[in-house]
Amino acid sequence: MTVPTEQEIRAFVGRRSDYYLNRWSTALSGEGDVFSFNQAAFWLAGFWLPYRKMYKITLIFYGIIAAESLLEYIFFVGILKYQEPPVSLNFAVGIGSGVICGIYANRWYYWHTCENIEQLRRLNLSEESLNEALKKRGGTNWITSIAFMIMFILVLG
């Protein structure tokens, strides 16, 4: 994977590009990997992932949470005959998933950004067309985030 330029990252990421350029500096310079904690992903993991248009990771994240909820229900309600799973378990799963997303979010977003930039580079677009394509494919999307959250709540409900 080739390292994207600062201009490409700025076009893809959008208004928070300074934050991510800072977080990704070691990977961009070839001196190391992306390792930093993302507080937004910690607190709002299920919202942050689709907000940054990382739909594949969002589906994996939601799938794991849904599978865990189903197993929890089968074990506690079906096998142990409780009314519902313990609140402490729900809290632990929520904190655990938030911690995992907080730790890995910037790395996932870096990979997502690099992959998209590389795909668009292969199209051999002019610099202006490439920047427009990066802005369109990158950036953020509140509506999709909200739609994913509503869909997830309906599926779990």
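Everything below is about the structure printed above this text.
Owing to the predicted nature of the structure, the values given are computational and were not obtained by experimental measurement.

Caption draft 1: View of the nonpolar core. Counting residues in each nonpolar core, the largest one holds 30 residues, and the members touching the most others are Trp 24, Trp 48 and Tyr 109. When contributions to this core are tallied by element, the ones reaching two or more residues are helix H1 (6-13), helix H2 (17-23), helix H5 (45-51), helix H6 (55-79), helix H7 (87-121), helix H8 (127-137) and helix H9 (142-156). A total of eight residues in this core trace back to one element, the largest contributor, which is H7. If sequence neighbours within four positions are ignored, Trp 48 has contacts with Tyr 20, Asn 38, Ala 40, Ala 41, Met 54, Ala 105 and Tyr 109.

Caption draft 2: Representation of unusual backbone geometry within the structure. Look at Lys 53: it is not a glycine, yet its phi comes out positive at around 60 degrees. Here Lys 53 shows up in the loop between H5 and H6. Here Lys 53 falls in the buried class, since its relative accessible area comes to 15%. The backbone of Asn 124 sits at a positive phi, close to 55 degrees, despite the residue not being glycine. Inspection of the secondary structure puts Asn 124 in the loop between H7 and H8. When its relative accessible area of 68% is taken as the criterion, Asn 124 is described as exposed.

Caption draft 3: Here's a closer look at the environment of Gln 39. Mapped onto the elements, Gln 39 comes out in helix H4 (residues 39-43). Take Gln 39: its relative accessible area is 56%, and that puts it in the exposed class.

Caption draft 4: Seen up close, the side chain of Lys 53. No salt bridge is formed by the buried Lys 53; its nearest oppositely charged neighbour, Glu 132, is found at 12 Å. What Lys 53 contacts, discounting residues up to four positions off in sequence, is His 112, Lys 136, Arg 137, Gly 138, Gly 139, Thr 140 and Asn 141.

Caption draft 5: Here's a closer look at the packing of aromatic side chains. In the structure shown here, the tally under the stated rule is 17 aromatic pairs. Pairing Phe 37 with Phe 42 gives two aromatic rings, centres 5.7 Å apart and planes at 50 degrees, and the pair type is tilted. Judged by relative accessible area, Phe 37 falls into the partly exposed class, the value being 38%. Here Phe 42 falls in the buried class, since its relative accessible area comes to 18%. Where Phe 42 meets Trp 43, the ring centres are 4.7 Å apart and the plane angle is 80 degrees; that geometry is what we call edge-to-face. Put simply, the rings of Tyr 19, Tyr 20, Trp 24, Trp 48, Tyr 109 and Tyr 110 touch in pairs and so form one group of aromatic residues. The ring of Tyr 19 is capped by Arg 16, whose NZ or CZ atom sits 4.7 Å from the centre of that ring.

Cut-offs used in this document
- Residues numbered from 1 in each chain as written.
- Predicted model: local features only at pLDDT ≥ 70, side-chain atom pairs only at ≥ 80, totals over all residues.
- Heavy atoms only, no water.
- Core = buried A, V, L, I, M, F, W, Y, C linked by side-chain atoms within 4.5 Å.
- Buried < 20%, exposed > 50% of the residue type's maximum accessible area, 1.4 Å probe, protein only.
- Helix = DSSP H or I, 4+ residues; strand = E, 2+ residues; numbered from the N terminus.
- Contact = heavy atoms within 4.5 Å.
- Lys, Arg positive; Asp, Glu negative; His and termini not counted.
- Salt bridge = Lys/Arg side-chain N within 4 Å of Asp/Glu carboxyl O.
- Phe/Tyr/Trp six-rings, centres within 6.5 Å; stacked < 30°, edge-to-face > 60°.
- Lys NZ or Arg CZ within 6 Å of the ring centre and 35° of its normal.

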